[in-house]
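Residue-level listing of the chains:
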Amino acid sequence: RFAAFPAESSLRFPLPVPSWRVGISRTSRSSPFTVSARAPVTPEPGIVDLGQVQATATGFEPAIPTKPFSLAVDKQCATAIRIGGYIQSSNPIRNDLILPERDSNFGIRIDDANGRQVQLQEPFPLANLAANQSHASVEMSASLISLGAPKIGPFTATATVLILYD
């Protein structure tokens with residue numbers, strides 16, 4: 001027996017505002033400079049739509065529904081910086097999976113471009129931008145992971161990607 005998840009299932013990634021940083025010159029004189037970076041999720045407007053997924057008694061069909069997305073990391077300064085990320089969610093989290101609800105029996109896994117699961121609520125590298133580089137595209141994916149017989153129906157989970165500068 002199968003049931004369908006409607007197409008409005010999604011994962012949203014709202015992003016924070018820019019920050020600033022102070023640089024120290026070799027003469028030990030401090031001089032502030034603005035570092036502005038942002039990383040909107042594409043496809044816009046930052047919703048990863050996993051589409052219709054069939055539920056089975058033990059999981060999903062396909063077994064691990066996956067949808068790629070990317071973070072378009074942009075900076076507006078003439079300084080080389082390392083940009084990291086930190087994913088948090090107001091939804092329940094279990095085993096680094098974002099659960100739409102505590103009893104949903106499935107979670108959303110975020111993977112990096114190499115297929116490695118991103119640890120939630122832990123810093124992870126996004127991009128190294130040289131002084132003359134203003135853009136990098138960071139490929140990622142979201143997958144539904146079964147934790148038993150999934151709760152049937154539409155769902156939404158929200159994640160926030162915090163941008164970390166180094």
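Residues numbered from 1 in each chain as written. Predicted model: local features only at pLDDT ≥ 70, side-chain atom pairs only at ≥ 80, totals over all residues. Heavy atoms only, no water.

Caption draft 1: Quick look at the pattern of salt bridges. All chains considered together, the criterion is met by 4 salt bridges. We note a salt bridge from K151 to D103, for which the minimum N-O separation is 3.4 Å. A residue pair is termed long-range when its members are at least 10 positions apart, and K151 in the loop between β16 (135-146) and β17 (156-158) and D103 in the loop between β13 (97-98) and β14 (106-111) qualify at 48 residues. By relative accessible area, K151 is classed as partly exposed at 35%. Taken together, the salt bridges that share partners define one network made up of E101, D103 and K151. (Salt bridge = Lys/Arg side-chain N within 4 Å of Asp/Glu carboxyl O. Helix = DSSP H or I, 4+ residues; strand = E, 2+ residues; numbered from the N terminus. Buried < 20%, exposed > 50% of the residue type's maximum accessible area, 1.4 Å probe, protein only.)

Caption draft 2: Inspection of unusual backbone geometry at higher detail. The residue after E61, namely P62, is reached through a cis peptide bond having omega 5 degrees. Along the polypeptide, P62 turns up in the loop between β9 (60-61) and β10 (66-75). Phi at N95 takes a positive value of approximately 50 degrees, unusual for a residue other than glycine. Relative to the assigned elements, N95 resides in the loop between β12 (93-94) and β13.

Caption draft 3: Spotlight on the packing of aromatic side chains. This model, assessed by the stated rule, comprises 2 aromatic pairs. Relative to F106, the ring of F60 lies with its centre 5.6 Å away and its plane at 85 degrees, an arrangement referred to as edge-to-face. Taken as a pair, F60 in strand β9 and F106 in strand β14 lie far apart in primary sequence, 46 residues in all. Note on F106: relative accessible area 1%, which makes it buried. Here the aromatic rings of F106 and F155 are separated by 5.0 Å at their centres, their planes lie at 70 degrees, and the arrangement is edge-to-face. On the criterion of sequence distance, the pair formed by F106 in strand β14 and F155 in the loop between β16 and β17 is long-range, its members being 49 residues apart. Pair check on accessibility: F106 and F155 agree, each one buried. (Phe/Tyr/Trp six-rings, centres within 6.5 Å; stacked < 30°, edge-to-face > 60°.)

Caption draft 4: The nonpolar core, seen in detail. Grouped together as the largest cluster of nonpolar side chains are 32 residues, with contacts concentrated most on L71, I87, I108, I110, M140 and L144. Put simply, the parts of the chain that give this core at least two residues each are β10, β11 (81-88), β14, β15 (124-129), β16 and β18 (160-165). Of all the elements, β16 adds the most residues to this core, at 5 residues. (Core = buried A, V, L, I, M, F, W, Y, C linked by side-chain atoms within 4.5 Å.)

Caption draft 5: Looking closely at the environment of D74. Note on placement: D74 falls in strand β10. Spatially, the C-alpha atoms of D74 and A127 are 9.9 Å apart, while their sequence positions differ by 53 residues. Of note is the side chain of D74, whose polar atom sits 2.5 Å from the side chain of H135. (Polar contact = N/O pair within 3.5 Å; in protein donor to acceptor, adjacent residues only side chain to side chain.)

Caption draft 6: Region of the structure containing the environment of L162. Looking at the element boundaries, L162 is found in strand β18. Along the primary structure L162 and G84 are separated by 78 residues, whereas in three dimensions their C-alpha atoms are 8.3 Å apart.

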